[in-house]
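# Architecture at a glance
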Amino acid sequence: MQRGSRRWSPPARSAWPSSAVSGDIRIRWVQRRSWSRPSVVEVVRTKILGAGIIGLSVADELQRRGHAVTVVDPAPGSGASHAAAGMLSPSAELWHGEETLLGLGRESLALWPAFARDLGVPLHDTGTLLVGHDAGDQQQVARQVALLRHHHAPAEELDDGSVLLPDEASVDPRAVVRALLARVPVVPVDPGGDHDVTILATGAVLPPPYSSMVRGVRGEILRLRCDDPPPRTLRGWVHGEPIYVVPRADGEVVVGATSEEHDAAPVVTAGGVLRLLTAARLVWPALDRAELVEATARDRPGTADNLPLVGPVAPGLVLAAGHYRHGVLLAPLTARLVADHLETGVVSPALDPRRLLGGDR
Ligand SMILES: Cc1cc2nc3c(=O)[nH]c(=O)nc-3n(C[C@H](O)[C@H](O)[C@H](O)COP(=O)(O)OP(=O)(O)OC[C@H]3O[C@@H](n4cnc5c(N)ncnc54)[C@H](O)[C@@H]3O)c2cc1C
């Protein structure tokens, strides 16, 4: 890494495919298929708006690679990352038509052990148990297993009808954010100054003209303290309602989550809490004795195709947003993708934000 250079410039033109250079910040617009990484990468001066798990993970990776980073957020860690259960569950959370997300999730899941170790945050890696309450719910479990088998994802059917997804894990996202904030300085107000690239990592609210690329999907979630927590994440259905129960090492149990499209500020509703507790106690009866510690609502940053937006939208402007239900899972992968993009120009077509803008790439 060449340190001290103040201007970011792309790799030598000869290394780029034709039509690769666009605008004053030269960011490649299509995926490079056979890229050999340049041996010398110049320092990129970045400004990151948003200090949720995504903005902070990107900042940490850029700092690690020697780039200059300014992170701006008036309320670091207060968005969806504050609510998230922290399931690292590409399989349990797989929906029909989301095969790309499964692949990305599995790729990012593989990065988590090293990422967590580096941050000093414990990883709960005892897998996920899929459970169904009534006959219809058990059919839903069977459908999920069939979908996973179709995609060669590991799923072990147990004698009691539940299904173990052995390679899944969970983490406390608040602990992750705390660890990242200890390494990444954040300022509340944009200090100005020159930057080569601005990275928008503002979660469910993107500034104009990109606002419509992300919508808020409200999620209500509960935190309880339980003397008999489940040994691993339980993910299932109760009378058709999806529910999860995520244990932490300290006895905290997270129960989630509702999902509702809306355009008002996210609030905790009586109906949401009632539905969650009713379903959760059927999945794990010991929760009847648990202390209800917290009820939280935040907006998940949803996109039109449920895939994140990671890549350029304009010269000098990169999005790292729209991670919807998987922002915790996808944080280490997103950090790498953004840093790789700034160093090489590579963009994953599936995540390229311009797919939602239409027009010529
Ligand atoms: C109830 C619930 C449960 C979830 N469970 C899981 C889970 O188990 N596993 C999983 O992988 N994902 C989960 N998610 C999804 C995950 O929380 C999100 O995808 C992820 O937190 C998004 O991170 P982010 O950094 O993009 O956004 P956020 O965490 O929302 O952070 C955005 C930040 O941007 C700041 N900001 C906003 N506007 C500006 C501005 N103009 N300038 C500067 N800063 C600004 C905000 O203050 C905030 O700190 C869950 C989400 C919810 C709501």
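Keep in mind the model is a prediction, meaning the values are calculated, not measured. (Residues numbered from 1 in each chain as written. Predicted model: local features only at pLDDT ≥ 70, side-chain atom pairs only at ≥ 80, totals over all residues.)

### Some words on the environment of Val293
Inclusion rule: Helix and strand labels come from DSSP, where a helix needs a run of H or I of at least four residues and a strand needs a run of E of at least two; each type is numbered from the N terminus. This entry defines residue contacts through backbone-placed C-beta atoms, with two residues in contact when those atoms are within 7 Å.
Tracing the sequence through the fold places Val293 in strand E15 (residues 291-302). The sequence separation of Val293 and Val254 amounts to 39 residues, and the corresponding C-alpha distance is 9.9 Å. Residues within four places of Val293 in sequence aside, it is in contact with Arg223, Leu224 and Arg225.

### Describing the confidence of the model for the protein chain
Formally: Each residue carries a pLDDT score, the predictor's confidence in it, ranging from 0 to 100.
Put simply, the protein chain has an average pLDDT of 88, and 88% of its residues get 70 or more. Within the model, pLDDT remains below 50 along residues 1-39, and this stretch shows 64 contacts once partners closer than five positions in the same chain are excluded.

### A short note on the nonpolar core
In plain terms, the rule: Put simply, a nonpolar core is buried Ala, Val, Leu, Ile, Met, Phe, Trp, Tyr and Cys residues tied into one set by C-beta atoms within 7 Å. Exposure in this text rests on C-beta crowding, where 20 or more other C-beta atoms within 10 Å of a residue's own make it buried, 12 or fewer make it exposed, and counts in between make it partly exposed. The C-beta atoms are placed from the backbone. Source of the domain bounds: an automatic or database domain assignment.
If you look at the biggest cluster of nonpolar residues, it comprises 86 residues, and the most contacted ones within it are Val58, Ala320 and Val338. Two domains each provide a minimum of three residues to this core, namely domain 1 (1-124 + 171-214 + 304-361) and domain 2 (128-166 + 215-302). Val58 has contacts with Ile48, Ile199, Ala201, Ala320, Thr334, Ala335 and Val338, leaving out every residue within four places of it along the chain.

### Things to note about the site of the ligand
Let me state the cut-off plainly: What makes a residue near a molecule or strand is its C-beta atom, placed from the backbone, lying within 6 Å of it. Nonpolar residues are Ala, Val, Leu, Ile, Met, Phe, Trp, Tyr, Cys and Pro. Charged residues are Asp, Glu, Lys and Arg, and all others, Gly as well, are polar.
Residues in close proximity to the ligand total 42 residues, the closest being Gly52, Gly79, Gly203, Gly219 and Gly327. Broken down by secondary-structure element, the contributors of at least two residues to the shell around the ligand are helix H1 (53-64), helix H2 (80-83), strand E10 (215-225) and E15. Considered class by class, the residues forming the shell around the ligand number 23 nonpolar, 15 polar and four charged. Among the domains, domain 1 (1-124 + 171-214 + 304-361) and domain 2 (128-166 + 215-302) are the pair contributing at least three residues each to the shell around the ligand.

### As for the environment of Asp305
For Asp305, the location among the structural elements is in the loop between E15 and strand E16 (309-314). Sequence spacing of Asp305 and Leu351 is 46 residues, and the spatial spacing of their C-alpha atoms is 10.0 Å.

### So, H1
Each α-helix winds once per 3.6 residues, and so residues spaced three or four apart point in a common direction. The criterion, for reference: What a helix should span is 1.5 Å times the count of its residues minus one.
The end-to-end C-alpha distance of H1, which contains 12 residues, comes to 16 Å, matching closely the 16 Å that a straight helix rising 1.5 Å per residue would cover. Ile53, Ile54, Gly55, Leu56, Ser57, Val58, Ala59, Asp60, Glu61 and Leu62 are the residues of H1 that are buried. Once H1 ends, the next one or two residues include Gly66, with phi positive near 90 degrees.

### Details of the sheet that holds strand E1 (residues 45-49)
For clarity, the cut-off: Two strands qualify as a pair provided that DSSP identifies no fewer than 2 bridges between them.
What the six strands build is an open sheet, ordered E8-E2-E1-E9-E17-E16; its pairing is mixed. Sheet topology places strand E8 (186-187) and E16 at the edges, where each strand pairs with a single neighbour. In this sheet, strand E17 (residues 317-321) lies alongside E16 in antiparallel orientation, the contact comprising five bridges. For Gly311, the partnering residue across the bridge sits in E17 and is Leu319.

### Focus: the pairing of strand E9 (residues 197-200)
As paired strands, E1 and E9 are joined by four bridges and run parallel to one another. Directly across from Lys47, in E9, lies its bridge partner Thr198.

### Quick notes on the environment of Gln63
Checked against the element boundaries, Gln63 lands in helix H1. With 120 residues separating them in the primary sequence, Gln63 and Arg183 have C-alpha atoms 9.3 Å apart. Look past the residues within four positions of Gln63 in its chain and what remains in contact with it is Val69 and Val184.

### Section: the pairing of strand E2 (residues 68-72)
Within a regular strand, side chains alternate between the sheet's two faces. The alternating pattern of E2 places Val69 and Val71 on a buried face, while none of Ala68, Thr70 and Val72, on the opposite face, is buried. In terms of strand pairing, E1 meets E2 through five bridges, oriented parallel. Residue pairing for E2: Leu49 is matched across the bridge by Val72. The pairing of E2 with E8 spans two bridges and is classified as parallel. Along E8, the bridge assignment pairs Val72 with Val187.

### Some words on helix H5 (residues 173-181)
Rules: The reported arc concerns the directions from the helix axis to the C-beta atoms and nothing else.
When H5 is considered as a whole, its buried residues turn out to be Pro173, Val176, Val177 and Leu180. Projected down its long axis, H5 shows its buried positions confined to an angular sector of 95 degrees, all on one face. Lining the buried residues of H5 we find H1, H2 and helix H3 (99-119).

### Here we look at unusual backbone geometry
The linkage connecting Pro208 with the following residue, Pro209, adopts the cis geometry, with an omega of 5 degrees. At the junction of Gly256 and Ala257, the peptide bond is cis and its omega measures out at -25 degrees in the coordinates. Along the chain, the position of Ala257 falls in the loop between strand E13 (252-256) and strand E14 (260-261). For His152, which is not a glycine, the phi torsion comes out positive at approximately 55 degrees. Structurally, the position occupied by His152 is in the loop between helix H4 (135-150) and strand E5 (156-157). Even without glycine at this site, Tyr324 takes up a positive phi of about 45 degrees. Looking at the element boundaries, Tyr324 is found in the loop between E17 and helix H7 (331-344).

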